[in-house]
Amino acid sequence: MRRDSKSLLVVLRSWLLLTAALALTACSTGVRLGYNYADTLVTYSIDGYVGLTPEQEQLVKERAAALMAWHRSTQLRDYVQLIEATRSKLAGPVTATDALVFNQAVNARLAALGDRAAPDLAELALTLTPGQITKMERKFASDSSKARRELVQFAGKDTLDDRVKKYAERAEFWFGSLSREQLEIVRSTLAGRPDSAAWWIDERERRQRELIAVVQRIQAERPSKSIATGWVRGYFSQLQSPVDPERRRAIERFRAGNADLIAQLINAASPEQKAALSRKLGSFVDDLTSLASERAALPPG
């Protein structure tokens, strides 16, 4: 198994993002397989960033399993309802606001998952040593250095045609082959906005620095678990809506642009494409319903 060098904020954020991502955005086979092994995958990822002691590894395994049991029993059917509500709107017309509302609904569910996980994540942070935090910093720095080298390497080579091709490939996972009209929608939209790769690297590095600062503060001040939990929740809140107005506006522009493009593609879709999209969403409904009905063992304690 290979550790994912591009996953970010693993020590805290991956615990909840991996769970939700597997449940909401993975392929059908990946939903069931990945979800059932999410606690193991998260433990492995965290270990790669900080080097868990045996005691910490046991803590992470137990708390991750408990989180998954809670998530399976309380959240998956809510995801099903969200997807079904989305399917009901495919006949259209779909607005950019509709797409934004869906994005906000997903973010709200991530926030609920983060709120649930925060006490356990704070407890883990309270056990981290200065050496483990330094290892995490170095791993983040290595990831960022690699990302920036790749950005420089491919600067000027990633043409508009390349960007259109990449976006079209992602869209075709949902629609099947795009029509000429849809490809032109993608092209005209992407041509009107800059490539966001450099901005996302900058934003990721800011988030990493903020995470390190929170963990260092917890390690240095040794607050109570409840106070540390509040700091972790504050960090998660910043991810969705940064206090800095410039950062917040940049994220809002990015989300708004994506929502507008998604709405245009759905409205330009043929009946066959909408049927394919509905079937794809239906496969998620089936998988999530099946996962929700499975019983998960909750660790004692």
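What you see is a predicted model; the values in this text were computed from it and never measured.

**Q** Got a sec to walk through the overall build of the protein? Specific residues and values, please.
**A** When helices and strands are tallied, the protein shows 13 helices and zero strands. In sequence order, the protein lays out its α and β elements as α-α-α-α-α-α-α-α-α-α-α-α-α. Out of the 301 residues in the protein, the part that is buried amounts to 42%. For the protein, long-range pairs separated by at least 24 residues make up 85% of all intrachain contacts whose partners lie at least 6 apart in sequence. When the accessible area of the protein is evaluated, it comes to approximately 15500 Å², of which 55% is carbon and sulfur surface.

**Q** Outline helix α8 (residues 160-175), supporting the account with residue identities and numerical values.
**A** Along its 16 residues, α8 runs 21 Å from first to last C-alpha, staying within 8% of the 22 Å computed at 1.5 Å per residue. Here α8 has its buried residues at Arg 163, Val 164, Tyr 167, Ala 168, Ala 171 and Phe 175. On its buried face, α8 sits against α9 (180-191), α12 (245-267) and α13 (271-293). Just downstream of α8 lies Gly 176, where phi reads positive at about 85 degrees.

**Q** Provide a residue-level description of the confidence of the model for the protein, including the pertinent values.
**A** Looking at the protein, pLDDT values average 83 and 84% of them are 70 or higher. Taken element by element, the predicted model of the protein shows its lowest mean pLDDT in helix α1 (residues 10-24) (40) and its highest in α9 (94). Counting contacts from residues 1-28, a segment whose pLDDT is below 50, to residues more than four positions away or on other chains yields 90 contacts. With pLDDT under 50 throughout, residues 297-301 is counted as low confidence; its partners more than four residues away or in other chains account for five contacts.

**Q** Could you give an account of the packing of α9 against α12, naming the residues involved and the relevant values?
**A** Across the interface, α9 lies against α12 with an axial gap of 9 Å and an inter-helix angle of 165 degrees. Classified by the angle their axes make, α9 and α12 are roughly antiparallel. Where α9 crosses over α12, the two elements pack in a sense that is right-handed. Listed contacts from α12 to Gln 182, Ile 185, Val 186 and Thr 189 of α9 are Leu 261, Gln 264 and Leu 265. Residues of the contact of α9 with α12, tallied by class, amount to four nonpolar, three polar and no charged.

**Q** With reference to specific residues and values, describe the nonpolar core.
**A** Counting residues in hydrophobic clusters, the biggest one holds 32 residues, and the most contacted among them are Ile 46, Val 50, Met 136, Ile 218 and Val 232. Counting residues per element, this core draws most heavily on helix α6 (residues 96-127), which supplies eight residues. Among the nonpolar cores identified, the runner-up in size contains 31 residues, and Tyr 35, Val 94, Val 164 and Leu 281 belong to it.

Rules of the game
Residues numbered from 1 in each chain as written. Predicted model: local features only at pLDDT ≥ 70, side-chain atom pairs only at ≥ 80, totals over all residues. Heavy atoms only, no water. Helix = DSSP H or I, 4+ residues; strand = E, 2+ residues; numbered from the N terminus. Buried < 20%, exposed > 50% of the residue type's maximum accessible area, 1.4 Å probe, protein only. Contact = heavy atoms within 4.5 Å. Areas by Shrake-Rupley, 256 points an atom, 1.4 Å probe, with all protein chains shown as cover. Expected span 1.5 Å × (residues − 1). pLDDT = per-residue confidence, 0-100. Axes fitted to C-alpha atoms, helices over the stretch in contact; angles between N-to-C directions. Parallel < 35°, antiparallel > 145°, perpendicular 65-115°, else oblique. Left-handed = near helix turned anticlockwise from the far one by under 90°. Nonpolar A, V, L, I, M, F, W, Y, C, P; charged D, E, K, R; others polar. Core = buried A, V, L, I, M, F, W, Y, C linked by side-chain atoms within 4.5 Å.

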